[in-house]
Amino acid sequence: MRGIEQNLEQLNAQGIRPVAISVDSPETSRNLVQQQGYTFPFLSDQHTEVIRRYDLVHAGAGENGRDISRPAEFLIDSTGTVRWVHLTENYWVRARPEQVLDVSKLLK
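Here the structure is a predicted model, which is why all the values come from computation and not from measurement.

Draft legend 1. Inspection of the overall build of the protein chain at higher detail. Helices and strands together make up the secondary structure of the protein chain, namely five helices and six strands. What you see in the protein chain, going N to C, is helices and strands ordered as α-α-β-α-β-α-β-β-β-β-α. Over its C-alpha atoms the protein chain spans a radius of gyration of 14 Å, differing by no more than 12% from the 13 Å that the globule rule assigns to 108 residues. Its C-alpha atoms put the protein chain at 40 × 30 × 25 Å along the principal axes.

Draft legend 2. Structural context of the packing of aromatic side chains. This model, assessed by the stated rule, comprises four aromatic pairs. Aromatic pair tyrosine 38 and phenylalanine 40: ring centres 5.6 Å apart, planes at 45°, arrangement tilted. Accessibility expressed as a relative area gives 9% for tyrosine 38, which makes it buried. Ring centres 5.2 Å apart and planes at 15° place the aromatic pair tyrosine 38 and phenylalanine 42 in the stacked group.

Draft legend 3. Broad picture of the confidence of the model for the protein chain. Considering every residue of the protein chain, the mean pLDDT works out to 90; 100% of them sit at 70 or more. Taken element by element, the predicted model of the protein chain shows its lowest mean pLDDT in helix H5 (residues 97–107) (87) and its highest in helix H3 (residues 26–36) (95).

Draft legend 4. Geometry of a nonpolar patch on the surface. There is a patch of nonpolar side chains on the surface, built from Tyr54, Ile76, Val82, Val85 and Leu87 and spanning about 390 Å² of accessible area. By residue number, the principal contributor to the nonpolar patch is strand S6 (residues 82–87), which donates three residues. Mapping valine 85 onto the fold places it in strand S6.

Draft legend 5. Focus on the nonpolar core. Counting eight residues, the largest nonpolar core is built from Leu11, Ile16, Leu75, Trp84, Ala95, Val100, Leu101 and Val103. At three residues, H5 tops the list of elements feeding residues into this core. Non-local contacts of leucine 11, meaning those with residues more than four positions away in its chain, are made with Ile4, Ile16, Arg17, Pro18, Pro97, Val100 and Leu101. Of all hydrophobic cores here, the second largest spans six residues; its members include Leu8, Ala20, Val33 and Phe42.

Draft legend 6. Unusual backbone geometry, seen in detail. Phi is positive for threonine 48, close to 55°, though the residue is something other than glycine. When you line up the elements, threonine 48 lands in the loop between strand S2 (42–44) and helix H4 (49–53). When its relative accessible area of 4% is taken as the criterion, threonine 48 is described as buried. Even without being glycine, asparagine 64 reaches a positive phi, approximately 60°. Exposure remark for asparagine 64: the relative accessible area of 78% places this residue in the exposed category.

Draft legend 7. Seen up close, H5. Within the span of H5, buried status applies to Pro97, Val100, Leu101, Val103 and Ser104. Down the axis, H5 shows its buried residues gathered within 165° of arc, on one side only. Buried positions along H5 lie against helix H1 (2–6), helix H2 (8–13), strand S5 (72–76) and S6.

Conventions we followed
- Residues numbered from 1 in each chain as written.
- Predicted model: local features only at pLDDT ≥ 70, side-chain atom pairs only at ≥ 80, totals over all residues.
- Heavy atoms only, no water.
- Helix = DSSP H or I, 4+ residues; strand = E, 2+ residues; numbered from the N terminus.
- Rg over C-alpha atoms; globule rule 2.2 N^0.38 Å.
- Phe/Tyr/Trp six-rings, centres within 6.5 Å; stacked < 30°, edge-to-face > 60°.
- Buried < 20%, exposed > 50% of the residue type's maximum accessible area, 1.4 Å probe, protein only.
- pLDDT = per-residue confidence, 0-100.
- Patch = residues over 30% accessible without salt bridge, like charges linked within 9 Å, V, L, I, M, F, W, Y side chains within 5 Å.
- Areas by Shrake-Rupley, 256 points an atom, 1.4 Å probe, with all protein chains shown as cover.
- Salt bridge = Lys/Arg side-chain N within 4 Å of Asp/Glu carboxyl O.
- Core = buried A, V, L, I, M, F, W, Y, C linked by side-chain atoms within 4.5 Å.
- Contact = heavy atoms within 4.5 Å.
- Arc of directions from axis to C-beta.

Here it is, written out as structure tokens:
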């Protein structure tokens with residue numbers, strides 16, 4: 001998330017609008033955004049509706065066995081078509097902003 005924030009200007013210049021989605025409550029997400037100084041949207045999916053639609057549920061992996069989302073990054077075009085996906089099972093592994101920028105240039 002920090003990498004996205006640090007590269008937000010470059011991402012926006014390429015037409016990429018980052019949005020984070022998590023199972024956290026809106027209040028928890030709002031607190032994180034304020035504490036970390038993030039300026040892109042964080043959305044709450046407490047009931048994992050969107051997370052399930054994208055087949056990203058990591059069943060029982062959260063606190064007290066709660067379902068959470070697998071880490072994933074998507075590039076979705078203006079028609080809603082998923083153009084690129086980066087999935088991992090490791091919570092700490094994320095696509096680097098430079099990787100997203102490189103892929104976005106190839107998709108144009």
